[in-house]
Amino acid sequence: MIVKKFLASTEEEAVLLAKAELGDNVTIMNTKKIEPHGFSRFFKKTSVEITAAVDDNIREEKKEDIPDFSKLQQAIQQSQPAPDSKAAKKEADIEQLIRAKQVILDDEDESVQKENDRVDIEQRLTNLQDLLEKQLNTKREEEKEEKEKVVDQKQAYLDLIRKQLIDSEVEACYVEQIIEEIEGSLTNNTTLDNILANVYQKIVLKIGTPHLIDLRTKRTKYIFFIGPTGVGKTTTIAKIASTMKLSKKTKVALITSDTYRIAAVEQLKTYANILGVPLKVIYSPEEMEKAKEELSDFDLVLVDTAGRSHNNHEQQEDIGNILRTIPEGEREVFLVLSATTKYRDLVNISKSYSEICKYNLIFTKLDETDTVGNIFNIHILTGAPLSYTTWGQNVPDDIGKIDAQKIAKQLLGGNS
Ligand SMILES: Nc1nc2c(ncn2[C@@H]2O[C@H](COP(=O)(O)OP(=O)(O)OP(=O)(O)O)[C@@H](O)[C@H]2O)c(=O)[nH]1
Ligand SMILES: [Mg+2]
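Reading the values: the criteria
Residues numbered from 1 in each chain as written. Chains lettered and ligands numbered in written order. Predicted model: local features only at pLDDT ≥ 70, side-chain atom pairs only at ≥ 80, totals over all residues. Heavy atoms only, no water. Helix = DSSP H or I, 4+ residues; strand = E, 2+ residues; numbered from the N terminus. Buried < 20%, exposed > 50% of the residue type's maximum accessible area, 1.4 Å probe, protein only. Contact = heavy atoms within 4.5 Å. Areas by Shrake-Rupley, 256 points an atom, 1.4 Å probe, with all protein chains shown as cover. Near = heavy atom within 4 Å. Polar contact = N/O pair within 3.5 Å; in protein donor to acceptor, adjacent residues only side chain to side chain. Nonpolar A, V, L, I, M, F, W, Y, C, P; charged D, E, K, R; others polar. Pairing = 2+ DSSP bridges. Axes fitted to C-alpha atoms, helices over the stretch in contact; angles between N-to-C directions. Right-handed = clockwise from strand over helix to strand, strands pointing away.

A. Representation of the overall build of the protein. Each helix and strand counted, the protein has 13 helices and 11 strands in total. Of all 416 residues assigned to the protein, the portion counted as buried reaches 38%. The contacts of the protein with a sequence gap of at least 6 include a subset with a gap of at least 24, amounting to 74%. For the protein, the accessible surface area stands at approximately 24,900 Å², while carbon and sulfur atoms represent 50% of it.

B. How the structure looks around the site of ligand 1. Neighbouring residues of ligand 1: 19 residues in total, closest K233, T235, R261, D367 and T390. At a separation of 2.8 Å, an oxygen atom of ligand 1 approaches a polar side-chain atom of K233. Within the side chain of T390, one N or O atom sits 2.7 Å away from an oxygen atom of ligand 1. When isolated, ligand 1 has an accessible area of 640 Å², and the protein chains bury 83% of it. Looking at which element gives the most residues to the shell around ligand 1, the answer is helix α7 (residues 233-248), with four residues. A breakdown of the residues in the shell around ligand 1 according to their chemical character gives two nonpolar, 10 polar and seven charged.

C. A look at the environment of L205. The residue L205 is located in helix α6 (residues 192-207) in this model. Here L205 falls in the exposed class, since its relative accessible area comes to 63%. In this structure, the C-alpha to C-alpha distance between L205 and A408, residues 203 residues apart in sequence, is 9.6 Å.

D. Expanded view of the sheet that holds strand β11 (residues 399-401). Spatially, the eight strands line up as an open sheet ordered β6-β5-β7-β4-β8-β9-β10-β11, and their pairing is mixed. Both outer strands of the open sheet, β6 (279-281) and β11, are each paired with one neighbouring strand and no more. Across this sheet, the average inter-strand angle for adjacent strands is 25°, counted without regard to direction. Bridge analysis of strand β4 (residues 221-226) against strand β8 (residues 331-338) gives five bridges, and the strand direction is parallel. Across the sheet, I223 pairs through a bridge with E332, a residue of β8.

E. Structural view of the pairing of strand β9 (residues 360-364). Buried residues dominate β9, accounting for five of its five residues. Of the two faces of β9, the one carrying N360, I362 and T364 and the one carrying L361 and F363 are both buried. Sheet topology places β8 next to β9; five bridges connect them, and they run parallel. By the bridge assignment, V336 is partnered in β9 with I362. Taken together, β8, helix α11 (residues 343-354) and β9 constitute a β-α-β crossover, and its handedness is right-handed. In this structure, β9 lies alongside strand β10 (residues 386-390), joined through three bridges in parallel fashion. Bridged to L361 within β10 is L386. Read from β9 through helix α12 (residues 373-382) to β10, the crossover connection turns out right-handed.

Pasting the structure below:
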């Protein structure tokens, strides 16, 4: 069997072609309309395809009867609308345009993709930046809190020290002065030990080095002991005279102008006898001049004065008159104060004696008090140098030069 497909503009033409080639006995097995696809549909017409079949034998028998339809077929094919060369060109152009457009679209797709990627990256960067800023802000907040905590801690330490100094009876204004002076040199994360060390150092510096009796002059040195009644002037003189005579081999003499009480003269006479040093009793400035001549061979003359009320200006003037018999360069004055006297009285006493002369400070009876704040207060208030402290009735043992470190330690609550 011969099976063959024939294509023509119409089904009739296709059958005609099939019959022409295969004979009249041809059987049409299938007819199919062919629709042009793609862009060719604009230029090509619909055609018909038939599938024709014929038995070989029948066809052979009829072979010589079969006319040559090749020319017909050719004519039919030629009758098909020839592809218009302009249209073909147009089609080619359009297809080219389409391809170009596709490339552009592809490019556009690519650039759209790129743009999308860029937006995406930008968004991610913005998110990252937000995150970083958040983290940075949190860190800053934490640092700020930490700083405030540290500053609070520092203030807490300073408050602790403030309280301790106030407990030691250091005047509040001097406490603030110390704190102010050290605060600038403290770092925020300072420790309590560091603050304590700073305050300690500051107090030691403020107390200064003790002003002691200086015997390096060729002339006889006159040391006057002045101060309120019963603070320990006579006892202190006995302690110093003993120390100077026994350990420093100094030629010591004693004078007393305290003639108001017989017991006072007797008290010093007893010490003079024990120590084996001369004692002159004077009743007036003139007698002082005379005693001065008699004692010109001595290195050191310790002068006891009567305890006076700082409110009695007449009595204070008497002391001034005796003092002035000795030239300033040959004399030194020590104001003797008891560490047990309350601060307000000490202020008045020290102020009233300031009107008579310049003086150095001796504090007695440290054994009778736990607080040494007043020593510091009066020293700062008057600006007078601190010299000796005494801490008991024993002559000559209970006396020593002022110990700045020991006082600073005590003020800060340490054991003395
Ligand atoms: N606890 C103690 N008592 C002392 C100290 N110094 C002196 N005294 C005692 O205080 C009392 C008075 O001492 P004086 O030396 O007489 O005092 P004063 O200043 O000379 O007294 P007037 O001459 O009356 O002004 C005495 O009983 C001394 O023993 C001291 O450091 N500690
Ligand atoms: Mg006395």
